[in-house]
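Remarks on the overall topology
The residues making up each chain are set out below.
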Amino acid sequence: MDKFYVILVGIMSMVLINNFVFTKFLGICPYLGVSGRIDTAFGMGMAVTFVATLSGTLTWLVDHYILMPNHLEITRYICYILIIAGAVQLVEMYVRRFFPALYDTFGVFLPLIATNCVILGVCLFINIWGIDNLLEAVVLSAGAGLGFALAICIMAGIREDLVLADVPEAFQGAPITLITAGILTLAFMGFAGMIK
């Protein structure tokens, strides 16, 4: 029961309180670029969650069992980028094979998951925060990915409704999207107690 509680608290912390999009402003490009429709946003969120979980777990394993024992910490960034690129290739091949319509909808944003700073941030923060066991690394990686998925799906839902709203001409398009993103960020800061 204790492990389940720790896992639940860890995931909820990464999704709501320490959401990488809203607290660290990572992953903003796909957050704004792919959040036009809820189905596309959900697909992108799940792809990022898978890649973040796989990359965070593998980088923790490589770091603790290969790099640190052999004093090769200087090669962390190169190893992390190779692991992330490999995970993105797996996702891209899977989506292209089984969901061709979704693959076409993603366009350039699917291969750009490799440069999504949420994923590299997960890999780096796991080591900066001093995570010393595999379960924590997996939970934090999955939580960061789910936090991104939540953020992009909320934004997509709002943007779908904004099409029907009477938005002044000067605020249509990017301005209202950025204003909405700012309001969402303020709302999520309330979860962390940053707003009293």
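Okay, so let's go over this structure. (Residues numbered from 1 in each chain as written. Predicted model: local features only at pLDDT ≥ 70, side-chain atom pairs only at ≥ 80, totals over all residues. Heavy atoms only, no water.)

Topic: the overall build of the protein
Rules: A helix here means a DSSP run of H or I that spans at least four residues, while a strand means a run of E at least two residues long, and both kinds are numbered starting from the N terminus. Note on method: radius of gyration uses C-alpha positions; expected globular size equals 2.2 Å times residues raised to 0.38. Burial classification: accessible surface area is computed with a 1.4 Å probe over protein chains only, and a residue below 20% of its type maximum counts as buried, one above 50% as exposed, and the rest as partly exposed. Residue contacts follow a heavy-atom distance rule, with two residues in contact if any of their heavy atoms lie within 4.5 Å. All accessible-area figures derive from a Shrake-Rupley calculation using a 1.4 Å probe, and residue coverage is judged against the displayed protein chains alone. When charges are counted, Lys and Arg contribute as positive and Asp and Glu as negative, whereas His and the chain ends are disregarded. Where a charge sits is defined by one atom per residue type, namely NZ (Lys), CZ (Arg), CG (Asp) or CD (Glu).
When helices and strands are tallied, the protein shows nine helices and zero strands. Taken from N to C terminus, the helices and strands of the protein fall in the order α-α-α-α-α-α-α-α-α. Here the protein has a C-alpha radius of gyration of 18 Å; the compact-globule value for 196 residues is 16 Å, and the two agree. With 196 residues in all, the protein has 39% of them scored as buried. Contacts in the protein between residues far apart in sequence, at least 24 positions, make up 78% of those at least 6 positions apart. In the form shown here, the protein has an accessible surface area of approximately 10500 Å², with 72% of it arising from carbon and sulfur atoms. Of the side-chain charges in the protein, 8 are positive and 12 negative, and the distance between the mean point of each set is 4 Å.

Examining the state of the cysteines
The following threshold applies: By convention in this document, the label disulfide applies to cysteine sulfur atom pairs within 2.5 Å.
Taken as a whole and judged by the stated rule, the model has zero disulfides. Just so you know, Cys 123 is unpaired, no disulfide at all, and the nearest cysteine sulfur is the one on Cys 79, 11 Å from it. Residue classification places Cys 123 among the buried positions, given a relative accessible area of 0%.

Details of the pattern of salt bridges
Oppositely charged side chains are able to pair whenever their charged atoms sit close together. For clarity, the threshold we go by: The term salt bridge refers to a pairing of a side-chain nitrogen on Lys or Arg with a carboxyl oxygen on Asp or Glu at a separation within 4 Å.
By the definition in use, this model includes three salt bridges. Between Asp 63 and Arg 76 there is a salt bridge whose closest N-O contact spans 2.6 Å. Placement of Asp 63 in helix 4 (residues 38-67) and of Arg 76 in helix 5 (residues 76-98) is noted, with a sequence separation of 13 residues between them. Asp 63 sits in the buried class, given a relative accessible area of 0%. Judged by relative accessible area, which is 24%, Arg 76 ranks as partly exposed.

Focus on the side chain of Asn 19
Mapped onto the elements of the fold, Asn 19 is located in the loop between helix 1 (2-17) and helix 2 (20-23). By relative accessible area, which is 0% here, Asn 19 ends up buried. In this structure Asn 19 touches Ser 13, Met 14, Lys 24, Gly 147, Phe 148 and Ala 151, once residues within four positions along its chain are discounted.

Structural notes on the packing of helix 1 against helix 8 (residues 134-162)
Where we set the bar: In this description, a line fitted to the C-alpha atoms serves as the axis of each element, helices being fitted only across the stretch in contact, and the angle between N-to-C directions of two axes falls anywhere from 0 to 180 degrees. Left-handed is the label given to a crossing in which the near helix is rotated counterclockwise from the far helix by less than a right angle, and right-handed is the label when the rotation is clockwise. When residue character is reported, Ala, Val, Leu, Ile, Met, Phe, Trp, Tyr, Cys and Pro are called nonpolar, Asp, Glu, Lys and Arg charged, and the others, Gly included, polar.
The N-to-C vectors of helix 1 and helix 8 enclose an angle of 40°; their axes lie 7 Å apart at closest approach. As for the relative orientation of helix 1 and helix 8, their crossing is right-handed in sense. Listed contacts from helix 8 to Lys 3, Ile 7, Gly 10, Ile 11, Met 14, Val 15 and Leu 16 of helix 1 are Leu 135, Val 139, Leu 140, Gly 143, Ala 144, Leu 146, Gly 147 and Leu 150. Of the residues in the contact of helix 1 with helix 8, the class split is eleven nonpolar, three polar and one charged.

Details of the packing of aromatic side chains
Definition in use: Planes of paired rings set the category: under 30 degrees apart is stacked, over 60 is edge-to-face and the rest tilted, where pairs are Phe, Tyr or Trp rings (Trp by its six-membered ring) whose centres lie within 6.5 Å. Criterion for a charge above a ring: Lys NZ or Arg CZ within 6 Å of the ring centre, and within 35 degrees of the ring normal.
As enumerated under the stated definition, the model contains eight aromatic pairs in all. On the basis of an interplanar angle of 90° and a centroid distance of 6.0 Å, the ring pair of Phe 22 and Tyr 31 is categorised as edge-to-face. With centroids separated by 5.0 Å and ring planes inclined at 25°, the aromatic side chains of Phe 125 and Trp 129 adopt a geometry described as stacked. Its relative accessible area of 21% is what places Phe 125 among the partly exposed residues. Taken together, Phe 20, Phe 125 and Trp 129 form an aromatic cluster joined through their ring pairs. Positioned above the aromatic ring of Phe 125, the side-chain terminus of Lys 24 is 5.6 Å from the ring centre. Above the ring of Phe 98, the side-chain terminus of Arg 97 is found at 5.5 Å from the ring centroid.

Here we look at the nonpolar core
To be explicit about the condition: The criterion is simple. A nonpolar core is a set of buried Ala, Val, Leu, Ile, Met, Phe, Trp, Tyr and Cys residues joined through side-chain atoms within 4.5 Å.
Counting residues in each nonpolar core, the largest one holds 41 residues, and the members touching the most others are Tyr 31, Met 44, Ile 113, Phe 148 and Ile 152. For this core, the secondary structure elements donating two or more residues are helix 2, helix 4, helix 5, helix 7 (117-128), helix 8 and helix 9 (174-191). No other element matches helix 8, which puts nine residues into this core.

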